[in-house]
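# Remarks on the overall topology
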Amino acid sequence: MKVLVEGDFCIGDGTCSMVCPEIFAIDGDVAKTSVGAHEDVPPELEGPCREAAELCPVMAIVLMEPGDVRFPDHCGLKRLSC
Ligand code: SF4
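## Overview of the overall build of the chain
Scanning the chain for helices and strands turns up two helices and six strands. When the helices and strands of the chain are listed from N to C terminus, the series reads β-α-β-β-α-β-β-β. Taking all 82 residues of the chain together, 21% fall into the buried category. Contacts in the chain between residues far apart in sequence, at least 24 positions, make up 54% of those at least 6 positions apart.

## Points about unusual backbone geometry
Even without glycine at this site, Met-59 takes up a positive phi of about 55 degrees. By the element assignment, Met-59 lies in the loop between helix H2 (46-55) and strand E4 (61-65).

## Here's the deal with the site of the ligand
Close to the ligand lie 15 residues; Cys-10, Thr-15, Cys-16, Ala-31 and Cys-56 are nearest. Of the residues that constitute the shell around the ligand, the class distribution is eleven nonpolar, three polar and one charged.

## Let's talk about H2
Listed as buried for H2 are Cys-49, Ala-52 and Ala-53. In a view along the axis of H2, the buried residues occupy a sector of 100 degrees, so they form one face of it. Exposed and oriented more than 90 degrees from the buried face of H2 are Gly-47 and Glu-54. Buried residues along H2 sit in contact with strand E1 (2-5), helix H1 (15-19), strand E2 (24-27) and E4.

## Side note on the nonpolar core
Across soluble globular proteins, nonpolar side chains have a tendency to be buried as a group. By size, the foremost hydrophobic cluster in this structure holds 16 residues, and its most contacted members are Cys-16, Cys-49, Ala-52 and Ile-61. Going through the elements one at a time, E1, H2 and E4 are the ones with two or more residues in this core. The greatest single-element share of this core, amounting to three residues, is contributed by H2. Setting aside chain neighbours within four positions, we find Cys-16 in contact with Phe-24, Ala-31, Ala-52, Cys-56 and Ile-61.

About the thresholds
- Residues numbered from 1 in each chain as written.
- Predicted model: local features only at pLDDT ≥ 70, side-chain atom pairs only at ≥ 80, totals over all residues.
- Helix = DSSP H or I, 4+ residues; strand = E, 2+ residues; numbered from the N terminus.
- Buried ≥ 20, exposed ≤ 12 C-beta atoms within 10 Å, placed from the backbone.
- Contact = placed C-beta atoms within 7 Å.
- Near = placed C-beta within 6 Å.
- Nonpolar A, V, L, I, M, F, W, Y, C, P; charged D, E, K, R; others polar.
- Arc of directions from axis to C-beta.
- Core = buried A, V, L, I, M, F, W, Y, C linked by C-beta atoms within 7 Å.

Structure follows, in structure tokens:
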């Protein structure tokens, strides 16, 4: 699983960094991830990462699964294959 934060949508409330500080941190006024967009989230952190995405108040956290990449509606992209 891969993860990224849509910086244009993030409001920097810090929910993700509280739920999964191993992956998310606030940098300035937006959240950043400790893993790059092309790196996999360590398996043991996938659960907390999913929880952070579910709790994000503006759906700014995008999770990408192999072969099933879904984006929030505001991205205008529903599904891509990788
Ligand atoms: S929970 Fe969402 S809005 Fe809040 S800091 Fe994290 S990515 Fe940004």
